[in-house]
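Below are the chains, spelled out letter by letter.
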Amino acid sequence: MIAYLLRRLVHTAILSFIIVTVVFMMIHLLPGDPATMILGGEDAQPTQEDIDRVKTELGLDQPVYRQYVTWLGKISRLDFGVSFRNNEPVASTVLLKRLPRSLMLGIPATLLAIAIGVPLGILGARLRRTMWDPIISAVALLGFSVPTFVIGTLLILLFAVRLGWLPAGSFVHPLDDMNGFLKAAALPIVSLALSPLAVIMRMTRSSVLEELGSDYVRTARAKGLAEAPVIVRHVMRNSMLPVITVMGLQFGGLFAGSVIIEFIFNWPGMGRLFLTAIGQRDYPVIQAVVLVVALSFVLINLLTDLSYAFFDPRIRVDRN
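Residues numbered from 1 in each chain as written. Predicted model: local features only at pLDDT ≥ 70, side-chain atom pairs only at ≥ 80, totals over all residues. Heavy atoms only, no water.

**Q** I keep staring at the overall build of the protein and nothing clicks. Help me out?
**A** Of regular secondary structure, the protein possesses 13 helices and zero strands. With 320 residues in all, the protein has 41% of them scored as buried. Of the contacts made within the protein by residues no fewer than 6 positions apart, 74% connect residues no fewer than 24 positions apart. Distance from the positive charge centre (28 side chains) to the negative charge centre (22 side chains) of the protein: 13 Å. (Helix = DSSP H or I, 4+ residues; strand = E, 2+ residues; numbered from the N terminus. Buried < 20%, exposed > 50% of the residue type's maximum accessible area, 1.4 Å probe, protein only. Contact = heavy atoms within 4.5 Å. Lys, Arg positive; Asp, Glu negative; His and termini not counted. Charge placed at Lys NZ, Arg CZ, Asp CG, Glu CD.)

**Q** Can you help me understand helix α7 (residues 148-162) in this one?
**A** Since the α-helix advances by 3.6 residues per turn, residues separated by three or four positions end up pointing in the same direction. Taking 1.5 Å per residue, 15 residues should reach 21 Å; α7 reaches 20 Å between its end C-alpha atoms and fits that length. Turning to α7, its buried residues are I151, G152, L155, I156 and A160. Downstream of α7 by a residue or two, G164 has a phi angle that is positive, lying close to 70°. (Expected span 1.5 Å × (residues − 1).)

**Q** I would appreciate a short explanation of the environment of R98 in the present structure.
**A** The topology assignment puts R98 in helix α5 (residues 90-126). Look at R98 and you get buried, because its relative accessible area is 19%. Apart from the residues lying within four places of it in its own chain, the contact partners of R98 are T93, P268, G269, M270 and L273. Within the local environment of R98, its side chain forms a polar contact with the backbone oxygen of G269, the two atoms lying 3.0 Å apart. (Polar contact = N/O pair within 3.5 Å; in protein donor to acceptor, adjacent residues only side chain to side chain.)

**Q** Whenever I open this one, the nonpolar core confuses me. Can you help?
**A** When a protein is soluble and globular, its nonpolar side chains tend to lie buried together. Ranked by size, the top nonpolar core spans 30 residues in total, and within it W71, F80, V94, M270, V289 and L291 carry the most contacts. Going through the elements one at a time, α1 (2-27), α4 (64-75), α5, α11 (270-280) and α12 (283-311) are the ones with two or more residues in this core. In terms of residue count, the dominant contributor to this core is α12 (ten residues). In contact with W71, not counting residues within four places along its chain, are V20, V23, F24, Q287 and L291. (Core = buried A, V, L, I, M, F, W, Y, C linked by side-chain atoms within 4.5 Å.)

Structure below.
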């Protein structure tokens, strides 16, 4: 198990280095000149002398390879530079301020999707070929088919505009007002959770159905074992590996979905920061957001792989 862990850590380090390099190169391929944007855009008609001065101050006049080496040295110390627009340290803006706000939506949305999706998937497998099967499948199809921004807009129209139960878009810090935070976060959390809920439910249903047809399940039933222990102690444990994989991928994918949701619900997280930074050609902020999201995927995949050994003892034996 230790050897497997070390191999996974080495692979993660190599993948992280590749991601860092790709992010840097892609950001510098974006159209537009950040120096011109800082000086007010092309409509302000800045002089070439002013543009060259700003580029020198920002280090954009240096060759790309030198900027890359400088950036590698900085991010190794968790120094993402300074925002081009407001001269604030990006680390304090992204990591310490915006990232926790995005996690306030992402983590509850993932837990909600798991808490509802897994039981519905098991129920769908147990009630196969009954009148409830198409109803459960329709719920999954709804989550697959309707885009997140449409779900968010419909929830605003129903619960905020028509019924007036919840705010349409605001942010309240939980340490300031927990009740206000729950009301403000309810709609964006539900909007984010529906799509991964459908994916988890379908994967759980497929995995449980596959295990229900196995010989060991028929043997357990033939010995008189009750249905609940068969499902919980045997079927679920053997069917969880693909479900865990989907859970990890869906949690990472919530960062991408939160870009639109945070914009719709006026939630000041990383998604809104990312959209603003793109419009302003704020390279340090764009690099930091993309890098944090990409490395989050890598970390989640690592934790997912390591969790396999907990659910399947055969993996611990095979990979020792």
